[in-house]
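Next come the chains, spelled out residue by residue.
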Amino acid sequence: MKRTFDVIMSGLGLLCLSPLFLVLAVWIKCDSPGPVFYRQTRVGRGNRDFRLFKFRSMRPDSDRLGLITIGGHDPRVTRSGYYIRKYKLDEFPQLINVFLGDMSLVGPRPEVRKYVDLYTPEQMRVLDVRPGITSLASIRYCNENDILAAADDPDRAYIEQVMPDKLAIDLEYVGKANLRSDIALIFSTFREIIAK
């Protein structure tokens, strides 16, 4: 039932949001050189790698300067990227990943291999389900970039503080996931975005 819901809703989302996708694509291309989409290898269900789609919000090759974004005014973020990230518009292309079966609308956020390699055997259980566009951990850590910007060592703060707490929240989700709670989390996500 969850997969059927994902396919129907992601298909409708891609269809309805196509005009917005076109506007964002033009804005991104006019704002800075580089591709419209940013694709990054993430780890999904069953510990398998997949290519995650996002609208590009940073300058090309920004990954070489670090995987963690620090604050809303990270110098790697483009002018359009600031607003695209603030309102989570960069996440919309992940509807493609949902439609293809790499992801779900709701589930633990997919990580890069560097951080998954640090998971404990218990934390690896988050890979028993498809990763999601949104999750309870994402909502609770909506200010994650600001937390990391205030840290002396953002990467260490992420590994030692943020990541373990988010994984604990995600593990609780894995044990209790159902379609009703997924729908509630989707509405909570929209409320969080509107509140910004």
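Structure first, text after, so check above.
Residues numbered from 1 in each chain as written. Predicted model: local features only at pLDDT ≥ 70, side-chain atom pairs only at ≥ 80, totals over all residues. Heavy atoms only, no water.

### A closer look at helix H7 (residues 154-176)
Every α-helix carries 3.6 residues per turn, so stepping three or four residues along brings you back to the same face.
Here is step 1: Across its 23 residues, H7 extends 31 Å between first and last C-alpha, which sits within 8% of the 33 Å expected from 1.5 Å per residue.
Here is step 2: Three or more residues of H7 are buried, namely Ala157, Tyr158, Val162, Met163, Lys166, Leu167, Ile169, Asp170, Leu171, Tyr173 and Val174. (Helix = DSSP H or I, 4+ residues; strand = E, 2+ residues; numbered from the N terminus. Expected span 1.5 Å × (residues − 1). Buried < 20%, exposed > 50% of the residue type's maximum accessible area, 1.4 Å probe, protein only.)

### Quick word on the nonpolar core
Here is step 1: Ranked by internal contacts, the top residues of the largest apolar core, which has 17 residues, are Tyr119, Val126, Tyr158 and Met163.
Here is step 2: Secondary structure elements with two or more residues in this core: helix H4 (113-116) and H7.
Here is step 3: It is H7 that contributes the most residues to this core, seven residues altogether.
Here is step 4: Not counting the four nearest positions on each side in its chain, Tyr119 is found in contact with Glu111, Met124, Val126, Met163 and Leu167.
Here is step 5: In terms of nonpolar packing, the next biggest core, distinct from the first, is built from 13 residues, Phe50, Leu52, Ile133 and Tyr173 among them. (Core = buried A, V, L, I, M, F, W, Y, C linked by side-chain atoms within 4.5 Å. Contact = heavy atoms within 4.5 Å.)

### Here's the deal with helix H2 (residues 79-86)
Here is step 1: For H2, every residue scored as buried is listed here: Ser80, Gly81 and Ile84. Considered in projection along H2, the buried side chains sweep an arc of 95 degrees and stay on one side of the axis.
Here is step 2: Looking at the buried residues of H2, the elements they touch are helix H1 (2-31) and strand E2 (49-55).
Here is step 3: Phi for Lys88, located one or two positions after H2, is positive at around 60 degrees. (Arc of directions from axis to C-beta.)

### Digging into the packing of H1 against H2
Here is step 1: It is at 8 Å that the axes of H1 and H2 come closest, and there the two elements cross at 145 degrees. Residues Leu24, Trp27, Ile28 and Asp31 of H1 lie in contact with H2, whose contacting residues are Arg79, Ser80, Gly81, Tyr83 and Ile84.
Here is step 2: Partitioning the contact of H1 with H2 into residue classes produces five nonpolar, two polar and two charged. (Axes fitted to C-alpha atoms, helices over the stretch in contact; angles between N-to-C directions. Nonpolar A, V, L, I, M, F, W, Y, C, P; charged D, E, K, R; others polar.)

### Regarding unusual backbone geometry
Here is step 1: Despite not being glycine, Asn47 shows a phi value in the positive range, around 65 degrees.
Here is step 2: Mapped onto the elements of the fold, Asn47 is located in the loop between strand E1 (37-43) and E2.
Here is step 3: Judged by its relative accessible area of 32%, Asn47 is partly exposed.
Here is step 4: Positioned with a positive phi, Lys88 is a non-glycine residue whose angle comes to about 60 degrees.

### A look at the environment of Asn97
Here is step 1: By the secondary structure assignment, Asn97 is in helix H3 (residues 94-100).
Here is step 2: The exposure class assigned to Asn97 is buried, which follows from its relative accessible area of 0%.
Here is step 3: Sequence-distant contacts of Asn97, defined by excluding residues within four places in its chain, comprise Phe50, Arg51, Leu52, Phe53, Asp102 and Met103.

### Concerning the environment of Ser181
Here is step 1: With respect to the helices and strands, the residue Ser181 is situated in helix H8 (residues 179-195).
Here is step 2: Along the primary structure Ser181 and Ala137 are separated by 44 residues, whereas in three dimensions their C-alpha atoms are 14 Å apart.

### Quick word on the pairing of E1
Here is step 1: Inspection of the sheet shows E1 paired to E2 by seven bridges, in the antiparallel sense. Residue pairing in the sheet places Phe37 in a bridge with Phe55 of E2.
Here is step 2: Hairpin connection, E1 to E2: the antiparallel pair is bridged by five residues, and Gly46 has positive phi, about 75 degrees. (Pairing = 2+ DSSP bridges.)

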